[in-house]
Structure formats: structure tokens, C-alpha cells
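# Per-entry structural report
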Amino acid sequence: MIQFQDLHKAFDGKQVLTGFTLDVKDGETLVIIGYSGSGKSVALKHVVGLLHPDAGDVTVDGRAVSTLDRPRLAALRREIGFVFQFAALFDSLNVADNVRLGLERRGLPADEIAERVHEALALVDLTGTDGRYPAELSGGMRKRVGIARAIALRPRYMLYDEPTTGLDPVTSAVMDRLMVRTREHLGVTGVVVTHDMRSAYTVGDRIAMLYEGRVRQVGTVEEIQHTEDPVVRQFIEGRPS
Amino acid sequence: MIAQVGRSAVAGIKAVGRFGQFVSDMVRALPDVATWGRLTLVQMRRVGVDSLPVALFIAAFTGVVLALQASYTFTGTVPLYFVGTLVGKTMMLELGPVLAGLALAGRVGASMAAELGTMRVTEQVDALETLAYDPQSYLVVPRVLAGTAMFPVIVALAILTGILTGWLASLVLLDLSTQEFIKGLKLFYRFKDTWFGLFKSATFGFTITLVGCIVGLGTRGGAEGVGRSTMQAVVYSAVLLLVLDAFWAMVLLR
């Protein structure tokens, strides 16, 4: 279980999170929606210790992330797959080596690494792209390699940072299908940060809206779709103020 | 005015603190040999072998110019075999390490800052961390070790090249015999001349790569930030290299 507990974070004096509190239950996929710059990605990065809170904390299965020493933080990160907004693939490594890198860190035998790389690329429909470099891939393919890199580690949690941003509608739908398939295949708990409502409705069990640094509303997909909160309504309908 | 001085002082203290933290993190990553061992060999090739042409090119022309300027200065007053003395001493003690260092500050320091800066702004460094790698072990230690180990090798070859072209210039352009050139070369030679230049170049290699890594990993703000970091890496490296050069002269040559 992931718990955001009264999280506060500011950058250069600008308050981004102002008491963000939210629970992610085991086995569910929770989608965090919100305006650009509202702090969705900032909240997500606290889960893997890439950012440190000014106050409050994130706990993962009872472990307060900001208090973990390096070995414990590394152990926690081994349980979490993180898919970055622009994939964050390593330019100097080919597709297979990008997927392999995290597995090598775990000290797995070579044959198991090869098997997992093959399996992960097959799961994202990228079999046969092993030797290609990130610069030779389309945006959608890069994001799928990012997913393959994360799921090859067989994580307990998957975190997706804007997985459909910058993609055409068809490729976005492919990404949504992959996220659903990943959850069914691995049974992982997921957190998806997005402002793409179609994607949110497809992949989410629950949706939380982050507004002015804290949760404005959280509920099931249906509850959000029928909300009477004017701020949430305006956002999900995409109406300018 | 006072507030501005105060802000500058605070910023300076913070920068020193960040530098100390960075070096301490790098030292802490040293036991992780499994990560940096193989990568260091890759960096040694990139820093060392790939940098040789530019260092040797500079050294070759420096040797020729040194021989001709020495001859021009000595004419009629100092025996010409002192050309060998001046070429040897100057290449070993100063121009070999400093000119190669300045050239490599541009080539190696800038490329490291640009590469790591790009990795930072495209979240590749964050991705490394989420894969449970320590960026210090994976990115910094291999580069700094490679720089520290390979700079003396590059400088040694640059010194040899400079002396060789100085000798050829003396032979062809100054009518100085090989025996006379070698007599001059040996005249005031001390073993310290050799190790001083090589030791100094190791500290240059350490400094240039460390600055490249610190500036690169501290990059903020997309392509503009990468450009700014690249420029800063070259400027900071060149300034620190000249300060170090004066420092070692004061400490070791007095």
C-alpha cells in the first residue's frame, strides 16, 4: 500500500504540494489527474525518493521513504517500476540493453536476464527491436520500451508519469491497453499520473484530482464522471474558465 | 549593496557545501567496484585514446615554436645547445601539461558536462536511480578515475612529441646537431622535471572531469541549461587548471 501523508513540497519558494494526502490500495490502479504544473509528477517522484518532502512523507508498505538509508531505498526501488514521461531511455544503449540494465543490477544469471528481456519486449509488442537505439524509435515505441524496462523487473508497484502525453489517439489507446495488460499479467498496484481523461477512465479503478497542492476529490471512475464539484467538472469536461 | 554581498556570500557557501557533498558521495561510491570497474575502461578509452590526436597536434607545433623562439632569444649570447634545455624543461614542466590540459578542458570537460547535462534534463539520471543504481558509481567515478589515470599518459606522450619536434626543428632549421640538442636536453635535467609534470597533469585530469560531472549533473532547464553547463564546465576547468598550475609551482618548485 502506498500512502501520501500530508505531503508538502516547494520549489524556489513556490508551494507545489500543500498537504497532499492519498492512499493507494493494494491491487488497484489509481489515477491522479490535475492541471499541468499542479504537482502530479512531483508527488509521484516522492514515492521512489527522487524528491524529498519539505514536510509529511510517503510510505510504501509502512516504510517512510524519506527516512530510508541508501541500501533500504535501493531495496524499495527494486519493488517499483517507474515509467517516465518521455521514457528516459539511455541514448547510448540499444533497446535490449536498456531493458537489461536494471536486471543486471539485481545480479540475475545471464540466461534469466535474456529470458526476461525477451518476455518484457514481447509483452509490449516490441519483439525484434532488441538492437535498435532510442533515436531510431518513435515516441510511442520509446514509451513502450520504458514500460518493458519497468516490467522486466517484475515489480510490485508500477508508477506511470504522463504515459500518453505527446502521443496520437491510437498510440495512446495502445498505451492504455498495455497498462491494463501489465496489471492483469503481473497483478501490480499502479499509480498513473495524467491529464488525459480518456486514458484515466480506461486504466483507473479510482481517480484523484490534485488541485492547488492537495486532493480535491477522490472516487471511482463513475463518481468522478458524475461529480458535482465545479472544479473537477470543469477539468474533466475540458472547459476553459 | 550589503544585501547583495550577503546573498553572494550565502550562494558561495552553498556552492562549497554542494561541492563537498558531491566529493563525499563520490568517495562513498568507491567500494561499488562491480558498477564502475567495467565502465572506467570505456571512459579511459574515450578520455585517453580519443583525446590523443588533439593533444599531440598541439604538442608537435609547440615543440617547433619553442626551438625557434629559443634560438631567436639566444643568438650570439648563449650557446645554441641550450635550445635542447629550454625545449625539454619547458615541455616537461609547463607547456606539456598546461596546453594539453587546456585543450582537454575543452574537449573532455565540455563533452562530459553536455552528456551528463542532457541525461539530467531528460530524466535519464532519475531513471538510473529508479533502477537502483547510484549515479555516482555509474556516471561520476568512472569518468573521474579515467581522467586522473589517463591525463598523465596523454601528457607524457605530448611531452615526448614536443621534444621530438623541437629536436627535428633544431636539426633542420637551426643547423644544430643531434649531439648538441641532447647535450642541452640533459644539461639541467632532474627526475623531478618528469614526475612534476605528470603528477600535475593527474591533478588536472581529476579537476577537469570532476568539474564536468558536477556541472553536468547540476544542469537545469532543458537545452539552454545544457549549453550553459557546457560553457561553465570549460570556463571553470580552465580557471581551476591555471590556479592549480600556480599552486603546484609554489608548493613543489620552491
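Residues numbered from 1 in each chain as written. Chains lettered and ligands numbered in written order. Predicted model: local features only at pLDDT ≥ 70, side-chain atom pairs only at ≥ 80, totals over all residues.

Within chain A, the secondary structure is distributed over 9 helices and 10 strands. Here chain A has a C-alpha radius of gyration of 18 Å; the compact-globule value for 241 residues is 18 Å, and the two agree. Dimensions of chain A, computed from C-alpha atoms along their principal axes, come out at roughly 55 × 45 × 35 Å. Taking all 241 residues of chain A together, 44% fall into the buried category. In chain A, once contacts between residues fewer than 6 apart in sequence are set aside, the share between residues at least 24 apart is 66%. (Helix = DSSP H or I, 4+ residues; strand = E, 2+ residues; numbered from the N terminus. Rg over C-alpha atoms; globule rule 2.2 N^0.38 Å. Buried ≥ 20, exposed ≤ 12 C-beta atoms within 10 Å, placed from the backbone. Contact = placed C-beta atoms within 7 Å.)

Let us look at the environment of B:Gly212. Residues and elements named next belong to chain B. Among the secondary structure elements, Gly-212 is positioned in helix H8 (residues 191-217). The exposure class of Gly-212 is buried, given the 32 C-beta atoms found within 10 Å. As a C-alpha pair, Gly-212 and Ile-182 span 30 residues in sequence and 40 Å in three-dimensional space. Setting aside chain neighbours within four positions, we find Gly-212 in contact with Val-108, Gly-109, Met-112, Ala-113 and Ala-233.

Further remarks concern the sheet that holds strand E4 (residues 55-60) of chain A. Residues and elements named next belong to chain A. Strand order across the open sheet formed by 4 strands is E2-E1-E4-E5, with antiparallel pairing between neighbours. Of all strands in the sheet, those bounded by a partner on one side alone are strand E2 (14-24) and strand E5 (63-64). Here strand E1 (residues 2-11) runs beside E4; their pairing, made up of 5 bridges, is antiparallel. By the bridge assignment, Gln-3 is partnered in E4 with Thr-59. Sheet strands in contact with helix H1 (residues 40-47) are E1, E2 and E4, and its direction is about 120° off that of E1. (Pairing = 2+ DSSP bridges. Axes fitted to C-alpha atoms, helices over the stretch in contact; angles between N-to-C directions.)

This brings us to the domain arrangement of chain A. All names here are of chain A. Here chain A is described as being made up of domain 1 (2-79 + 155-237) and domain 2 (90-154). Once you take the C-alpha centre of each, domain 1 and domain 2 turn out to be 24 Å apart. Taken residue by residue, the interface counts 14 residues in domain 1 and 12 residues in domain 2. When residues of the side of domain 1 that touches domain 2 are assigned to their parent elements, the largest contribution, 8 residues, is made by helix H6 (residues 169-186). Counted by class, the side of domain 1 that touches domain 2 contains 8 nonpolar, 4 polar and 2 charged residues. (Domains from an automatic or database assignment. Nonpolar A, V, L, I, M, F, W, Y, C, P; charged D, E, K, R; others polar.)

A few words on helix H4 (residues 82-121) of chain B. Residues and elements named next belong to chain B. Here H4 contains 40 residues, and its C-alpha end-to-end distance of 54 Å stays within 8% of the 58 Å for a straight helix at 1.5 Å per residue. Counting buried positions along H4 yields 29 of 40 residues, so the element is predominantly enclosed. Looking at the residues trailing H4, positive phi occurs at Glu-123, about 65°. (Expected span 1.5 Å × (residues − 1).)

In this section: unusual backbone geometry. Residues and elements named next belong to chain A. Unlike most non-glycine residues, Asp-12 shows phi in positive territory, near 50°. One can find Asp-12 in the loop between E1 and E2. Phi at Glu-212 takes a positive value of approximately 50°, unusual for a residue other than glycine. Following the sequence through the fold, Glu-212 ends up in the loop between strand E9 (206-211) and strand E10 (214-220). Looking at Glu-212, the number of C-beta atoms within 10 Å reads 14, which means it is partly exposed.

Glancing now at the sheet that holds strand E8 (residues 189-193) of chain A. Residue and element names in this part refer to chain A. As summarised here, the arrangement of the 6 strands in space is E6-E7-E8-E3-E9-E10, forming an open sheet in which the pairing is mixed. One side of each edge strand has no neighbouring strand; the edge strands of this open sheet are strand E6 (80-83) and E10. Here the strands of the sheet are splayed against their neighbours by 15° on average, with no regard to which way each runs. Pairing of E9 with E10, which is carried by 6 bridges, proceeds in the antiparallel orientation. The residue bridging Arg-206 from the neighbouring strand is Thr-220, located in E10.

Listed as interface residues are 10 residues of chain B and, on the opposing side, 14 residues of chain A. Broken down by class, the residue content of the side of chain B that touches chain A amounts to 4 nonpolar, 3 polar and 3 charged.

Glancing now at the nonpolar core. Membership of the largest hydrophobic core comes to 130 residues, with the highest contact counts inside it found for A:Ile32, A:Ala43, A:Val47, A:Val99, A:Ala148, A:Leu159 and B:Cys213. By residue number, the principal contributor to this core is helix H6 (residues 135-173) of chain B, which donates 17 residues. There are two domains that each give this core at least three residues, and those are domain 1 (2-79 + 155-237) and domain 2 (90-154) of chain A. When neighbours within four sequence positions are excluded, A:Ala148 is seen to be in contact with A:Val99, A:Ala120, A:Leu121, A:Leu123, A:Val124 and A:Leu126. (Core = buried A, V, L, I, M, F, W, Y, C linked by C-beta atoms within 7 Å.)

What follows is about helix H1 (residues 2-29) of chain B. Note: α-helices contain 3.6 residues per turn, so residues at a spacing of three or four share the same orientation. In this model H1(B) runs 41 Å from its N-terminal to its C-terminal C-alpha over 28 residues, within 8% of the 40 Å that 1.5 Å per residue would give. Burial analysis of H1(B) places just 0 of its 28 residues in the buried class, which makes it a mostly uncovered element.

In helix packing, the relevant descriptors are the interaxial angle and the interaxial distance, both defined with respect to the helix axes. All names here are of chain A. Where helix H3 (residues 95-105) meets helix H5 (residues 139-151), the axes come as close as 8 Å, and the angle between the chain directions of the two elements is 30°. Relative to H5, the element H3 is oriented roughly parallel. The handedness of the crossing between H3 and H5 is right-handed. When H3 is examined against H5, the residues Val-95, Asn-98, Val-99 and Gly-102 are found in contact with a partner set consisting of Val-145, Ala-148 and Arg-149. Among the residues making up the contact of H3 with H5, the classes are represented as 4 nonpolar, 2 polar and 1 charged. (Parallel < 35°, antiparallel > 145°, perpendicular 65-115°, else oblique. Left-handed = near helix turned anticlockwise from the far one by under 90°.)

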